[in-house]
Amino acid sequence: QEPLGHLKKSKQQVSDGFTVKAMMKNTVVRGPPLAGAFKERPTKPTAFRKFYDRGDFPIALEHDTKGNKIAWKVEIEKLDYHYYLPLFFDGLCEMTFPYEFLARQGIHDMLEHGGNKILPVIPQLIIPIRNALNLRNRQVICITLKVLQHLVVSADMVGKALVPYYRQILPVLNIFKNMNEKYSSVHLVSVKSAKGFSRGRYLSANIFNYILKIILVNSGDGIDYSQWKRENIGDLIQETLEAFERYGGEIAYINIKYMIPTYQSCILN
C-alpha cells in the first residue's frame, strides 16, 4: 500500500453530452438546458404607447370616486375601427400604468359599441393578439383571454371568423392550459381536530387535493390566490376555449382539438 500522502484526489469534471470528454473517467455529464416554454419574453415598444404619448387618441384618463375610467372625446360609434381597434389591441402588450389600463378599457368600450364594424377588422387583430400571448407574461395572458371572450360575443359571425386563425392563437394556450392543475404530490396528511383528539386522522390523496383545489391554486412554482379575482390562467383558458367552441360553428371543435388534443368538448359531452 502506498502512503496516504501519495494519494491523489480525483476531481470530477463537467462536460456536455455526446462529446469525447463525456466518455472519460471522473466526468459528469451536464444535463440538457431548460426549454423555456414558460419563460417570459422581453417586451418591445408598442405603437399604442407611441400614439398615446403623441396625443393621437381621442381619449383621456378620468378619475372619479369609483376609480379610473376613460373619457372619450368623440362618440365611440363614429370611430374608424380599421384604424383604432388594431392599435388598441397592440396595447395588450403593455404592463405599465396608464397604458395597460387605457388599452384594456378602450378595447372593451369599442367592442361593446362596435356592432357590425368589428367583423371586418378581425384579420388585423390576429398579430397583436399573438404578440401579446407570446410574451408569456401571466398578467398579459389573463387580460388577453378576457378580451378574446368579449370579442367572440361582441358581434355576429366573429366566432366563426376566428376559426382560421386558431393556429396562431392556440399554441400558447396549449402550454398554459394545465397550469392550475400542478399540485404537490402529497399522499397523506395528518389533521388533528380542534376538539383535541390524541390520534391524527389521515385523508386520502384525492380528498386532500380536492380541498386544496378549493382553497388555493398552485401555479407551478408558486401558490396563486387568484380564484376570486378571475385571474387563474387554466380556468380562463378553459372558458375561452368553450366560448370558441360555442360561437365558432360546426368546425370549431375539430380545429381546437387539433391544436389542443387534451380539450374536451363542452357541447358534445
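Residues numbered from 1 in each chain as written. Predicted model: local features only at pLDDT ≥ 70, side-chain atom pairs only at ≥ 80, totals over all residues. Heavy atoms only, no water.

- The chain is annotated in an unreviewed UniProt entry as Parkin coregulated gene protein of Dryobates pubescens.

A word on the packing of helix α1 (residues 47-54) against helix α2 (residues 81-90)
Part 1: Where α1 meets α2, the axes come as close as 7 Å, and the angle between the chain directions of the two elements is 115 degrees. Our classification of the angle between α1 and α2 gives roughly perpendicular. Packed against α1, whose contacting residues are Ala47, Phe48 and Phe51, the element α2 presents Tyr83, Leu87, Phe88 and Asp90 at the interface. (Axes fitted to C-alpha atoms, helices over the stretch in contact; angles between N-to-C directions. Helix = DSSP H or I, 4+ residues; strand = E, 2+ residues; numbered from the N terminus. Parallel < 35°, antiparallel > 145°, perpendicular 65-115°, else oblique. Contact = heavy atoms within 4.5 Å.)

Overview of unusual backbone geometry
Most peptide bonds are trans, and most residues other than glycine sit at a negative phi.
Part 1: That bond from Phe97 to Pro98 is cis: its omega, 5 degrees, falls within 30 degrees of zero.
Part 2: Turning to its location among the elements, Pro98 is positioned in the loop between α2 and α3 (99-114).
Part 3: Look at Asn26: it is not a glycine, yet its phi comes out positive at around 55 degrees.
Part 4: Structurally, the position occupied by Asn26 is in the loop between β1 (13-15) and β2 (27-29).
Part 5: Positive phi, close to 60 degrees, is recorded for Arg136, a residue that is not glycine.
Part 6: Counting through the fold element by element, Arg136 comes out in the loop between α4 (122-134) and α5 (138-154).
Part 7: Taking the relative accessible area as the measure of exposure, Arg136 reaches 14% and is therefore buried. (Buried < 20%, exposed > 50% of the residue type's maximum accessible area, 1.4 Å probe, protein only.)

Overview of the layout of surface pockets
Part 1: By volume, the second largest pocket amounts to about 190 Å³.
Part 2: Forming the walls of the second largest pocket are Arg41, Pro42, Thr43, Lys44, Pro45, Thr46, Asp90, Cys93, Asn131 and Leu135.
Part 3: For the lining of the second largest pocket, the per-class residue count stands at 4 nonpolar, 3 polar and 3 charged. (1 Å grid on protein atoms, 1.4 Å probe; cavity = no way out; pocket = protein on both sides within 12 Å on 5 of 7 lines; lining within 4 Å. Points joined across faces, edges and corners; volume = space filled by probe spheres on them. Nonpolar A, V, L, I, M, F, W, Y, C, P; charged D, E, K, R; others polar.)

Details of the pairing of strand β3 (residues 59-64)
Part 1: Relative to strand β4 (residues 67-72), β3 runs antiparallel, the two sharing 6 bridges. By the bridge assignment for β4, Asp64 is matched with Gly67.
Part 2: Here β3 folds back onto β4, and the loop between the two strands holds 2 residues. (Pairing = 2+ DSSP bridges.)

Concerning the pattern of salt bridges
Part 1: Taken as a whole and assessed by the stated rule, the structure comprises 6 salt bridges.
Part 2: A salt bridge links Glu94 to Arg49; the nearest nitrogen and oxygen atoms lie 2.7 Å apart. In this pair, Glu94 sits in the loop between α2 and α3 while Arg49 sits in helix α1, placing the two residues 45 residues apart along the sequence.
Part 3: By relative accessible area, which is 6% here, Glu94 ends up buried.
Part 4: Judged by relative accessible area, which is 29%, Arg49 ranks as partly exposed.
Part 5: Note that Glu100 is salt-bridged to Arg104, the shortest N-O span being 3.0 Å. Residue Glu100 and its partner Arg104 are located together in helix α3, separated by 4 residues, close to a single helical turn. (Salt bridge = Lys/Arg side-chain N within 4 Å of Asp/Glu carboxyl O.)

Considerations on α3
Part 1: Look at α3: 21 Å from first C-alpha to last across 16 residues, which is about the 22 Å you get at 1.5 Å a residue.
Part 2: Of the residues making up α3, those classed as buried are Tyr99, Glu100, Phe101, Leu102, Ala103, Gly106, Ile107, His108, Asp109, Met110, Leu111 and Gly114.
Part 3: Where α3 is buried, its residues meet α1, β3, β4, α2 and α5. (Expected span 1.5 Å × (residues − 1).)

Describing the packing of aromatic side chains
Part 1: Throughout the structure, instances matching the rule amount to 13 aromatic pairs.
Part 2: Note on Phe48 and Tyr52: the rings are 6.5 Å apart at their centroids and 10 degrees apart in plane angle, and the pair reads as stacked. Here Tyr52 and Phe48 lie together in helix α1, a separation of 4 residues that amounts to about one turn.
Part 3: For Phe48, a relative accessible area of 0% gives the class buried.
Part 4: A residue is classified by how much of its surface remains accessible, and Tyr52, at 22% relative accessible area, is partly exposed.
Part 5: Among the aromatic residues, those joined into a cluster by ring pairs are Phe48, Phe51, Tyr52, Phe57, Trp72, Tyr83, Tyr84, Phe88 and Tyr99. (Phe/Tyr/Trp six-rings, centres within 6.5 Å; stacked < 30°, edge-to-face > 60°.)

Focus on the nonpolar core
Part 1: One finds Phe88, Met110, Leu151, Leu162, Leu170, Leu241 and Phe244 to be the most contacted residues of the largest nonpolar core, which totals 63 residues.
Part 2: Here this core gets 9 residues from one element, more than from any other, and that element is α5.
Part 3: Ignoring any residue separated from it by four or fewer positions in sequence, one finds Leu162 in contact with Ile122, Ile126, Leu151, Val152 and Phe244. (Core = buried A, V, L, I, M, F, W, Y, C linked by side-chain atoms within 4.5 Å.)

Comments concerning the environment of Glu62
Part 1: Its place among the elements puts Glu62 in strand β3.
Part 2: In sequence terms Glu62 and Trp72 are 10 residues apart; their C-alpha atoms lie 9.6 Å from each other.
Part 3: Among residues more than four places away in sequence, those in contact with Glu62 are Gly67, Asn68, Lys69 and Ala71.

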